[in-house]
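# Per-entry structural report
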Amino acid sequence: MKWFLILWACPVMFLTSWYGLSYYDMSFGFFMLTRQTHDLVFQVYGNVLGIPPETIPPLVARAIIFDSFVVFAIIGFRKRRQIAAWYRRRFGAGVTQSERASLASDASLSSAP
């Protein structure tokens, strides 16, 4: 599961870092981080896909959000028992006080609460 998260998070962080730095032209001397490269990359992708380049960043953002929901759903499904146990401990969900009294064993002769 750890590698699954790493292999999902690294490309997402790399892409968002590149996008943010190149969008604001914070190049630190690297050509790949210049605004000209930023515009060129989206121009090439726009020509390949046949759509205007300014529509690509919102599409990528929606894809990242959707993928994030899928990844967290997989993690939630795999950890559902641990999450349910945490929820029961945290919020006391489950059996109420009146149900506990009815679930008391008849074999117990203790009158302690």
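Structural notes, computed from the coordinates.

Thresholds applied
Residues numbered from 1 in each chain as written. Predicted model: local features only at pLDDT ≥ 70, side-chain atom pairs only at ≥ 80, totals over all residues. Heavy atoms only, no water. Helix = DSSP H or I, 4+ residues; strand = E, 2+ residues; numbered from the N terminus. Expected span 1.5 Å × (residues − 1). Buried < 20%, exposed > 50% of the residue type's maximum accessible area, 1.4 Å probe, protein only. Contact = heavy atoms within 4.5 Å. Salt bridge = Lys/Arg side-chain N within 4 Å of Asp/Glu carboxyl O. Axes fitted to C-alpha atoms, helices over the stretch in contact; angles between N-to-C directions. Parallel < 35°, antiparallel > 145°, perpendicular 65-115°, else oblique. Left-handed = near helix turned anticlockwise from the far one by under 90°. Nonpolar A, V, L, I, M, F, W, Y, C, P; charged D, E, K, R; others polar.

This brings us to helix 2 (residues 35–49). Helix length check: helix 2 (15 residues) gives 21 Å between terminal C-alpha atoms against 21 Å at 1.5 Å per residue, within 8%. Taken as a whole, helix 2 has its buried residues at T37, H38, F42 and G46. In this fold, the buried residues of helix 2 make contact with helix 1 (2–23) and helix 3 (56–78). Backbone geometry just downstream of helix 2 places G50 in the positive-phi region, at approximately 75°.

Another aspect to go through is the pattern of salt bridges. Applying the stated rule across the entire model yields one salt bridge. For R35, the salt bridge identified is with D39, shortest N-O distance 3.2 Å. Separated by four residues within a single helix, R35 and D39 lie in helix 2, roughly one turn from each other. A relative accessible area of 26% means that R35 is categorised as partly exposed.

With 23 residues, helix 3 ought to run about 33 Å at 1.5 Å a step, and its terminal C-alpha atoms sit 33 Å apart, in line with that. The complete set of buried residues in helix 3 reads I56, P57, I64, S68, V71 and I75. In the core, the buried residues of helix 3 are packed alongside helix 1 and helix 2.

The interhelical angle for the contact between helix 1 and helix 3, taken along N-to-C directions, is 160°, at an axis separation of 12 Å. Comparing the axis directions of helix 1 and helix 3 gives the class roughly antiparallel. Note that helix 1 runs across helix 3; the crossing there is left-handed. Between helix 1, through F4, L5, W8, V12, L15, T16 and Y19, and helix 3, the contact on the second element is made entirely by P57, V60, I64, D67, S68, V71, F72, I74 and I75. Here the residues of the contact of helix 1 with helix 3 sort into 13 nonpolar, two polar and one charged.

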